[in-house]
Amino acid sequence: MEIKILENKEKWNNFLDNFGYLSFLQDYEYGEVEKSLKREIIRLGFFEDDLVGVCQLIGYFAKRGNILAVLHGPVIREEKLDEALILLLNFLKENKLNKKYHFLRINSVFENKKEILEKFLKNGFIIAPTYIVSENFWLKEIKDDDEMLKQMNKTTRNLILEAIKKPYLEIEKTTDLEKFEIFWNLYEDLHKRKKFIPYPKELIKKEFEIFSKENKALMFLGKMEGKYYSSALVIFSHKIAFYHHSASLPTKEPINYKIQWGIIQEAKKRGCRFYNFWGLAKKEVPNHPWYGLTQFKKGFGGFRIDFLSTMDFPFKLRYWLIAFYEKIKRRKL
């Protein structure tokens, strides 16, 4: 196996399609999103005559420290992972990226198994004190409507059926970038109420813009009597619909359920295999800030996948100060 820079967009995305990849953060387009925000993007291919794996790295520079991150990657078969990690670390060293960054962080989509963890540990990785993106997914298989409704819990099913009968609950789907401000106003309101750290406006906007140009994103907006109450940015890639960013105002009307049913219908129309609701709360306890959202997602039926813990490979001694800070910060959350 050998490792090389790979900048062929078609070859890259075709590989991910054929692999059955469950995320979109290794997509070529997502690299372009981060690149538009002045981040370094390094796209690597693993080859054995033909392409057998890809790894998109993102360089984040911050006052606290410089991170070279792999989000939901590398994408390669488990049996080839050990060799791929050796090649990756050698490439970073040979290209002096270990001098430029304080550590490498891999937030993978490998199954949470002892054998996979051991592959990372034996190559010098350690379990990270925190993660960048979700370490689990909630997936719903796309089937015919009756079957999907049967898989939902009673409350969710009844609220969807109720919402469908209410024409004043209007759902729009759009790629109009000007309507992004509707989403952002709802998102800002949500983060003030829930007191979570929001994603940067420009990141979400660029994600919407870049993926929608490729017919891979739609903004769903829900309104009543001319006022917008609900929104969701959905990415479509690898025959999966991804519920990535969303926000809504409190209301007793089931408009959020009508939006979800609209997303599921769009996924079905596009021939998707799954609807990926993205992550759940790591601990499903009532006092967790995302407990309500977790229960909302699970109400639609489906199954949970847990991934390997995020892994770090330190390049410099300063990493240990960064890791200590992250542990303390996470404890306070």
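The structure under discussion appears in the preceding block.
Residues numbered from 1 in each chain as written. Predicted model: local features only at pLDDT ≥ 70, side-chain atom pairs only at ≥ 80, totals over all residues. Heavy atoms only, no water.

Caption draft 1: Looking closely at the overall build of the chain. Scanning the chain from N- to C-terminus turns up twelve helices and 15 strands. Scaling as 2.2 N^0.38, a compact globule of 333 residues should have a C-alpha radius of gyration of about 20 Å, and the chain matches this with 20 Å. For the chain, the spread of C-alpha atoms along the principal axes amounts to about 60 × 45 × 40 Å. Residues counted as buried form 54% of the 333 residues belonging to the chain. (Helix = DSSP H or I, 4+ residues; strand = E, 2+ residues; numbered from the N terminus. Rg over C-alpha atoms; globule rule 2.2 N^0.38 Å. Buried < 20%, exposed > 50% of the residue type's maximum accessible area, 1.4 Å probe, protein only.)

Caption draft 2: Here's a closer look at the environment of Gly 124. The topology assignment puts Gly 124 in the loop between helix H5 (114–122) and strand S7 (126–127). Judged by relative accessible area, which is 36%, Gly 124 ranks as partly exposed. Sequence spacing of Gly 124 and Phe 313 is 189 residues, and the spatial spacing of their C-alpha atoms is 6.5 Å. Those residues in contact with Gly 124, other than ones at most four positions away along the chain, are Asp 312, Phe 313 and Pro 314. (Contact = heavy atoms within 4.5 Å.)

Caption draft 3: Geometry of the pairing of strand S12 (residues 240–248). Of all nine residues that make up S12, nine are buried, and the element is covered over most of its length. Between the end of strand S11 (residues 227–237) and the start of S12, which pair antiparallel, lie two residues, with His 238 showing a positive phi angle near 60°. A crossover links S12 with its parallel partner strand S13 (residues 274–276), the connecting element being helix H10 (residues 255–269), and its sense is right-handed. (Pairing = 2+ DSSP bridges. Right-handed = clockwise from strand over helix to strand, strands pointing away.)

Caption draft 4: Summary view of the nonpolar core. In terms of nonpolar packing, the biggest core is built from 49 residues, with Phe 24, Tyr 30 and Leu 71 touching the most fellow members. The greatest single-element share of this core, amounting to seven residues, is contributed by helix H8 (residues 180–194). Excluding its chain neighbours within four sequence positions, the residues that come into contact with Leu 71 are Tyr 21, Leu 25, Gln 26, Tyr 30, Gln 56, Ile 58, Tyr 60, Asn 107, Ile 132 and Val 133. Membership of the second largest hydrophobic core comes to 30 residues, among which are Ile 42, Val 52, Ile 106 and Phe 315. (Core = buried A, V, L, I, M, F, W, Y, C linked by side-chain atoms within 4.5 Å.)

Caption draft 5: The arrangement of the packing of aromatic side chains in detail. Enumeration over the complete set of coordinates arrives at 27 aromatic pairs. Geometrically, the ring pair formed by Phe 120 and Phe 125 is edge-to-face, given 5.2 Å between the ring centres and 85° between the ring planes. Neither residue differs from the other here; Phe 120 and Phe 125 are each classed as buried. Pairing Phe 183 with Tyr 187 gives two aromatic rings, centres 5.4 Å apart and planes at 20°, and the pair type is stacked. A residue pair is termed a helical-turn pair when its members lie 3 or 4 positions apart in one helix, as Phe 183 and Tyr 187 do in helix H8 at four residues. This pair shows no difference in class: Phe 183 is buried, exactly as Tyr 187 is. An aromatic cluster of three or more residues is present, and its members are Phe 24, Tyr 30, Phe 137, Phe 211, Phe 242, Trp 278 and Phe 307. Directly above the ring of Phe 19 sits Arg 77, whose terminal nitrogen or CZ lies 3.9 Å from the centroid. Its guanidinium or amino end placed over the ring of Phe 236, Arg 270 lies 4.1 Å from that ring's centre, counting from NZ or CZ. (Phe/Tyr/Trp six-rings, centres within 6.5 Å; stacked < 30°, edge-to-face > 60°. Lys NZ or Arg CZ within 6 Å of the ring centre and 35° of its normal.)

Caption draft 6: Broad picture of the side chain of Ser 246. Summarising the element assignment, Ser 246 is placed in strand S12. A distance of 3.0 Å separates the side chain of Ser 246 from the side chain of Tyr 243, its partner in a polar contact. (Polar contact = N/O pair within 3.5 Å; in protein donor to acceptor, adjacent residues only side chain to side chain.)

Caption draft 7: Structural view of a negative patch on the surface. A cluster of acidic residues, Glu 141, Asp 144, Asp 146 and Glu 147, forms a negative patch at the surface. As for its placement among the helices and strands, Glu 141 is situated in strand S8 (residues 136–141). For Glu 141, a relative accessible area of 38% corresponds to the partly exposed category. (Patch = residues over 30% accessible without salt bridge, like charges linked within 9 Å, V, L, I, M, F, W, Y side chains within 5 Å. Areas by Shrake-Rupley, 256 points an atom, 1.4 Å probe, with all protein chains shown as cover. Salt bridge = Lys/Arg side-chain N within 4 Å of Asp/Glu carboxyl O. Lys, Arg positive; Asp, Glu negative; His and termini not counted. Charge placed at Lys NZ, Arg CZ, Asp CG, Glu CD.)

Caption draft 8: View of the environment of Leu 71. When you line up the elements, Leu 71 lands in strand S4 (residues 67–71). The exposure class assigned to Leu 71 is buried, which follows from its relative accessible area of 1%. It is 7.8 Å that separates the C-alpha atoms of Leu 71 and Gln 56, two residues lying 15 residues apart in sequence.

Caption draft 9: Molecular detail of a positive patch on the surface. The grouping of Lys 93, Lys 96, Lys 99, Lys 316 and Arg 318 at the surface amounts to a positive patch. For Lys 93, the location among the structural elements is in helix H3 (residues 81–94). What makes Lys 93 exposed here is its relative accessible area of 60%.

Caption draft 10: A look at the sheet that holds S11. Spatially, the seven strands line up as an open sheet ordered S9-S10-S11-S12-S13-S8-S14, and their pairing is mixed. Both outer strands of the open sheet, strand S9 (169–174) and strand S14 (303–306), are each paired with one neighbouring strand and no more. Between one strand axis and the next, the sheet turns through 25° on average, direction left out of account. Sheet topology places S8 next to S13; three bridges connect them, and they run antiparallel. Within S13, the position partnered with Leu 139 by the bridge is Asn 276. (Axes fitted to C-alpha atoms, helices over the stretch in contact; angles between N-to-C directions.)

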